[in-house]
Amino acid sequence: MTRLILNQETMGLSSLMEKVTRAKVKDCFTDEEGTIFFVVAPGEIGKAIGKGASNIKRLQQELQRKIRVIEYHENVVEFVKNIIYPLRVQSIIEEQDAVVIKDSNRKTKSALIGRGGKNLQLTNRAVKRFFNKEVKVE
(Lines give C-alpha, C1' and ligand atoms only; values in the text may rest on other atoms or scores of the structure.)
Protein backbone atom coordinates (compact mmCIF):
# COMPACT_ATOMS: atom_id res chain seq x y z
CA MET A 1 0.00 0.00 0.00
CA THR A 2 1.30 3.42 -0.92
CA ARG A 3 1.46 6.20 1.61
CA LEU A 4 -1.35 8.76 1.28
CA ILE A 5 -0.23 12.36 1.03
CA LEU A 6 -2.78 14.97 2.04
CA ASN A 7 -2.25 18.68 1.49
CA GLN A 8 -3.68 21.49 3.58
CA GLU A 9 -6.81 21.83 1.40
CA THR A 10 -7.72 18.13 1.46
CA MET A 11 -7.12 17.95 5.21
CA GLY A 12 -9.50 20.89 5.70
CA LEU A 13 -12.12 19.34 3.42
CA SER A 14 -11.85 15.99 5.23
CA SER A 15 -12.23 17.73 8.58
CA LEU A 16 -15.31 19.63 7.40
CA MET A 17 -16.86 16.43 6.00
CA GLU A 18 -16.27 14.60 9.29
CA LYS A 19 -17.68 17.50 11.30
CA VAL A 20 -20.86 17.77 9.21
CA THR A 21 -21.53 14.03 8.72
CA ARG A 22 -19.78 12.35 11.68
CA ALA A 23 -18.49 9.78 9.17
CA LYS A 24 -14.79 8.79 9.21
CA VAL A 25 -13.03 10.04 6.06
CA LYS A 26 -10.15 7.83 4.85
CA ASP A 27 -9.15 9.95 1.86
CA CYS A 28 -10.08 13.07 -0.06
CA PHE A 29 -9.03 14.26 -3.52
CA THR A 30 -10.28 16.54 -6.28
CA ASP A 31 -10.36 16.37 -10.06
CA GLU A 32 -9.56 19.08 -12.62
CA GLU A 33 -13.19 20.20 -12.73
CA GLY A 34 -13.29 20.80 -8.98
CA THR A 35 -15.36 17.78 -7.94
CA ILE A 36 -14.41 16.62 -4.44
CA PHE A 37 -14.17 12.87 -3.86
CA PHE A 38 -14.40 11.56 -0.29
CA VAL A 39 -13.51 7.95 0.53
CA VAL A 40 -15.28 7.04 3.77
CA ALA A 41 -14.72 4.11 6.14
CA PRO A 42 -16.62 0.85 5.54
CA GLY A 43 -20.24 1.01 6.69
CA GLU A 44 -20.32 4.80 6.93
CA ILE A 45 -21.65 5.71 3.47
CA GLY A 46 -25.20 6.20 4.80
CA LYS A 47 -24.00 8.49 7.56
CA ALA A 48 -21.89 10.45 5.06
CA ILE A 49 -24.73 10.95 2.57
CA GLY A 50 -27.42 11.66 5.18
CA LYS A 51 -31.18 11.24 5.04
CA GLY A 52 -32.40 12.35 1.63
CA ALA A 53 -28.77 13.24 0.75
CA SER A 54 -29.04 16.18 3.17
CA ASN A 55 -25.36 16.10 4.17
CA ILE A 56 -24.15 16.07 0.57
CA LYS A 57 -26.50 18.88 -0.43
CA ARG A 58 -25.40 20.97 2.56
CA LEU A 59 -21.70 20.47 1.78
CA GLN A 60 -22.18 21.17 -1.94
CA GLN A 61 -23.98 24.39 -1.13
CA GLU A 62 -21.39 25.42 1.45
CA LEU A 63 -18.38 24.62 -0.75
CA GLN A 64 -19.97 25.55 -4.10
CA ARG A 65 -18.52 22.33 -5.57
CA LYS A 66 -19.85 18.94 -6.61
CA ILE A 67 -19.22 16.13 -4.11
CA ARG A 68 -18.95 12.38 -4.62
CA VAL A 69 -18.73 9.88 -1.76
CA ILE A 70 -17.15 6.43 -2.16
CA GLU A 71 -17.21 3.70 0.48
CA TYR A 72 -13.84 2.05 1.12
CA HIS A 73 -13.52 -1.74 1.12
CA GLU A 74 -10.52 -3.94 1.98
CA ASN A 75 -11.14 -6.07 -1.13
CA VAL A 76 -9.99 -4.25 -4.28
CA VAL A 77 -12.80 -5.77 -6.43
CA GLU A 78 -15.47 -4.52 -4.00
CA PHE A 79 -13.75 -1.13 -3.80
CA VAL A 80 -13.84 -0.82 -7.61
CA LYS A 81 -17.56 -1.73 -7.54
CA ASN A 82 -18.10 1.10 -5.05
CA ILE A 83 -16.17 3.56 -7.23
CA ILE A 84 -18.07 2.78 -10.45
CA TYR A 85 -21.50 2.64 -8.76
CA PRO A 86 -24.26 2.97 -10.10
CA LEU A 87 -22.80 1.21 -13.16
CA ARG A 88 -23.08 -2.58 -13.14
CA VAL A 89 -20.59 -4.65 -15.12
CA GLN A 90 -20.35 -8.31 -16.11
CA SER A 91 -17.17 -8.99 -14.15
CA ILE A 92 -14.29 -7.41 -12.26
CA ILE A 93 -11.19 -9.59 -12.06
CA GLU A 94 -8.16 -9.00 -9.85
CA GLU A 95 -4.89 -9.93 -11.53
CA GLN A 96 -1.28 -9.75 -10.32
CA ASP A 97 -0.79 -5.98 -10.79
CA ALA A 98 -4.12 -4.90 -12.28
CA VAL A 99 -7.88 -4.97 -11.89
CA VAL A 100 -9.74 -5.73 -15.12
CA ILE A 101 -13.33 -4.56 -15.62
CA LYS A 102 -15.08 -6.59 -18.33
CA ASP A 103 -18.36 -5.75 -20.01
CA SER A 104 -19.69 -6.34 -23.51
CA ASN A 105 -22.02 -3.31 -23.55
CA ARG A 106 -20.44 -0.37 -25.42
CA LYS A 107 -22.39 2.24 -23.44
CA THR A 108 -21.17 0.83 -20.13
CA LYS A 109 -17.57 0.74 -21.39
CA SER A 110 -17.76 4.33 -22.59
CA ALA A 111 -19.21 5.43 -19.24
CA LEU A 112 -16.39 3.63 -17.40
CA ILE A 113 -13.72 5.28 -19.54
CA GLY A 114 -15.31 8.72 -19.89
CA ARG A 115 -14.50 11.53 -22.29
CA GLY A 116 -10.77 11.59 -22.87
CA GLY A 117 -10.33 8.76 -20.33
CA LYS A 118 -11.28 11.04 -17.42
CA ASN A 119 -13.42 8.50 -15.52
CA LEU A 120 -10.83 5.75 -15.88
CA GLN A 121 -8.11 8.11 -14.63
CA LEU A 122 -10.17 8.94 -11.53
CA THR A 123 -10.85 5.24 -10.87
CA ASN A 124 -7.14 4.50 -11.26
CA ARG A 125 -6.23 7.36 -8.95
CA ALA A 126 -8.50 6.10 -6.16
CA VAL A 127 -7.41 2.46 -6.50
CA LYS A 128 -3.68 3.28 -6.65
CA ARG A 129 -3.92 5.32 -3.43
CA PHE A 130 -4.93 2.19 -1.48
CA PHE A 131 -3.93 -0.90 -3.49
CA ASN A 132 -1.16 0.14 -5.94
CA LYS A 133 -2.93 -1.62 -8.84
CA GLU A 134 -3.94 -0.34 -12.25
CA VAL A 135 -7.53 -0.52 -13.48
CA LYS A 136 -8.20 -1.59 -17.08
CA VAL A 137 -11.44 -1.80 -19.06
CA GLU A 138 -12.01 -4.58 -21.59
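Bear in mind that the values here come from a model prediction, so they are computed numbers and not experimental data.

**Q** An account of the sheet that holds strand 6 (residues 134–137) is requested, with residue identities and associated values reported.
**A** Pairing between the strands of a sheet comes from backbone hydrogen bonds, and it takes one of two forms, parallel or antiparallel. Reading across from one edge, 4-5-6 is the order of the three strands in this open sheet, with mixed pairing throughout. Of all strands in the sheet, those with a lone pairing partner are strand 4 (91–94) and strand 6, marking the two edges. Strand-to-strand twist of the sheet, defined as the mean angle between neighbouring strand axes without regard to direction, takes the value 20°. Pairing of strand 4 with strand 5 (residues 98–102) involves four bridges; the strand directions are antiparallel. In the strand pairing of strand 5, E94 is matched with V99.

**Q** Mind laying out the nonpolar core, listing which residues take part and the relevant values?
**A** Counting 22 residues, the largest nonpolar core has V76, F79, V80, I92, I101, V127 and F131 as the members making the most contacts within it. For this core, the secondary structure elements donating two or more residues are strand 2 (36–40), helix 4 (76–84), strand 5 and helix 6 (118–131). If sequence neighbours within four positions are ignored, I92 has contacts with V77, V80, K81, I84, V99, V100 and I101. Counting residues in each nonpolar core, the second largest holds 15 residues, with V25, F38, L59 and I67 among its members.

**Q** Tell me what's going on with the packing of aromatic side chains, and back it up with residues and numbers.
**A** This structure, assessed with the given rule, holds six aromatic pairs. Considering the side-chain rings of Y72 and F131, the 6.1 Å spacing of their centres and the 10° angle between planes classify their relative orientation as stacked. Linking Y72 in the loop between strand 3 (67–71) and helix 4 with F131 in helix 6, this pair joins segments that are 59 residues apart in sequence. Since its relative accessible area comes to 4%, Y72 is described here as buried.

Conventions adopted
Residues numbered from 1 in each chain as written. Predicted model: local features only at pLDDT ≥ 70, side-chain atom pairs only at ≥ 80, totals over all residues. Heavy atoms only, no water. Pairing = 2+ DSSP bridges. Helix = DSSP H or I, 4+ residues; strand = E, 2+ residues; numbered from the N terminus. Axes fitted to C-alpha atoms, helices over the stretch in contact; angles between N-to-C directions. Core = buried A, V, L, I, M, F, W, Y, C linked by side-chain atoms within 4.5 Å. Buried < 20%, exposed > 50% of the residue type's maximum accessible area, 1.4 Å probe, protein only. Contact = heavy atoms within 4.5 Å. Phe/Tyr/Trp six-rings, centres within 6.5 Å; stacked < 30°, edge-to-face > 60°.

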